[in-house]
Amino acid sequence: MAVELAVLVPVLDRPQNVVPLVESFLAGCPEDSELWFLVHEDTDEELMALTKALLTSDRIHLSFAPTGQSWPIKINAGVECARADWFLFAADDIAFQPGWW
C-alpha cells in the first residue's frame, strides 16, 4: 500500500546529519509518510548511524543502490523501493518544519 509521501535521501558519509534529519522528519512530516535513506558502500560510521535510525520508527527505511554513488542513481533506487503518492527528492542536511506539508 502506498503512503502519501516518501522522502528520498541519498547519503554519502555524513553520519552527523542522520539524527537531526530523523528528528525533524518525525516532528514535521505527516504520519502517512516514510523517510528512505539511500546508500551505496558508505562508511561503517554512517551505516551504524543509519542502523540506529531504523530502530527509532517503522517510518524510517534503508535501501542500497546496486551500483554507483551518484545522487541520481540512488534516487532511482529509492523510487523503485518506495511506494508513495508523492516523492520528495531531498538531501541529508534539510530540516522539516511542522506544517510544511
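As a starting point, this report considers the structure included with it. (Residues numbered from 1 in each chain as written. Predicted model: local features only at pLDDT ≥ 70, side-chain atom pairs only at ≥ 80, totals over all residues. Heavy atoms only, no water.)

**Side note on the pairing of strand β2 (residues 33–39)**
Then, number 1: Extensive coverage of β2 is indicated by the burial of seven of its seven residues.
Then, number 2: Burial along β2 is two-sided: S33, L35, F37 and V39 facing one way and E34, W36 and L38 facing the other are all buried.
Then, number 3: Note that strand β1 (residues 3–10) and β2 share six bridges and pair parallel. For A6, the partnering residue across the bridge sits in β2 and is E34.
Then, number 4: With helix α1 (residues 18–28) bridging β1 and the parallel β2, this β-α-β connection has right-handed handedness.
Then, number 5: Alignment of β2 against strand β3 (residues 60–64), held across five bridges, turns out to be parallel. (Buried < 20%, exposed > 50% of the residue type's maximum accessible area, 1.4 Å probe, protein only. Helix = DSSP H or I, 4+ residues; strand = E, 2+ residues; numbered from the N terminus. Pairing = 2+ DSSP bridges. Right-handed = clockwise from strand over helix to strand, strands pointing away.)

**Concerning the state of the cysteines**
Then, number 1: The final tally for this structure, using the stated rule, is zero disulfides.
Then, number 2: Not engaged in a disulfide, the cysteine C29 finds its nearest cysteine sulfur in C81; these two sulfurs lie 19 Å apart.
Then, number 3: Overall, the relative accessible area of 36% leaves C81 in the partly exposed class. (Disulfide = S-S within 2.5 Å.)

**Re the packing of aromatic side chains**
Then, number 1: Evaluation of the coordinates by the stated rule reveals four aromatic pairs.
Then, number 2: Taking 6.2 Å as the distance between ring centres and 75 degrees as the angle between the ring planes, the aromatic pair formed by F25 and F96 counts as edge-to-face. Of the two residues, F25 is situated in helix α1 and F96 in the segment after β4 (84–89); the sequence distance between them amounts to 71 residues. As far as burial versus exposure is concerned, F25 and F96 are alike and both buried.
Then, number 3: Ring plane angle 70 degrees and centroid distance 5.4 Å describe the contact between W100 and W101, whose orientation is recorded as edge-to-face.
Then, number 4: Following the ring pairs from residue to residue traces out a cluster consisting of F25, F96, W100 and W101. (Phe/Tyr/Trp six-rings, centres within 6.5 Å; stacked < 30°, edge-to-face > 60°.)

**Some thoughts on a nonpolar patch on the surface**
Then, number 1: Residues W71, V79, F87 and F89 make up a contiguous nonpolar surface patch of about 350 Å² in total accessible area.
Then, number 2: Those elements that provide at least two residues to the nonpolar patch are α3 (71–81) and β4.
Then, number 3: Relative to the elements of secondary structure, V79 occurs in helix α3. (Patch = residues over 30% accessible without salt bridge, like charges linked within 9 Å, V, L, I, M, F, W, Y side chains within 5 Å. Areas by Shrake-Rupley, 256 points an atom, 1.4 Å probe, with all protein chains shown as cover. Salt bridge = Lys/Arg side-chain N within 4 Å of Asp/Glu carboxyl O.)

**Brief notes about the nonpolar core**
Then, number 1: Core analysis: the biggest nonpolar cluster contains 18 residues, and V7, V9, L35 and F37 have the highest contact counts within it.
Then, number 2: Ranked by the residues each element gives to this core, the list is headed by α1, at four residues.
Then, number 3: Setting aside residues no more than four positions away along its own chain, F37 makes contact with V9, V11, V18, L21, V22, L50, A53, I60, H61, L62 and S63.
Then, number 4: Listed in part, the eight residues of the second largest apolar core include V3, A6, L38 and I75. (Core = buried A, V, L, I, M, F, W, Y, C linked by side-chain atoms within 4.5 Å. Contact = heavy atoms within 4.5 Å.)

**Some words on unusual backbone geometry**
Then, number 1: Not every positive phi belongs to a glycine, and D13 is a case in point at roughly 55 degrees.
Then, number 2: Inspection of the secondary structure puts D13 in the loop between β1 and α1.

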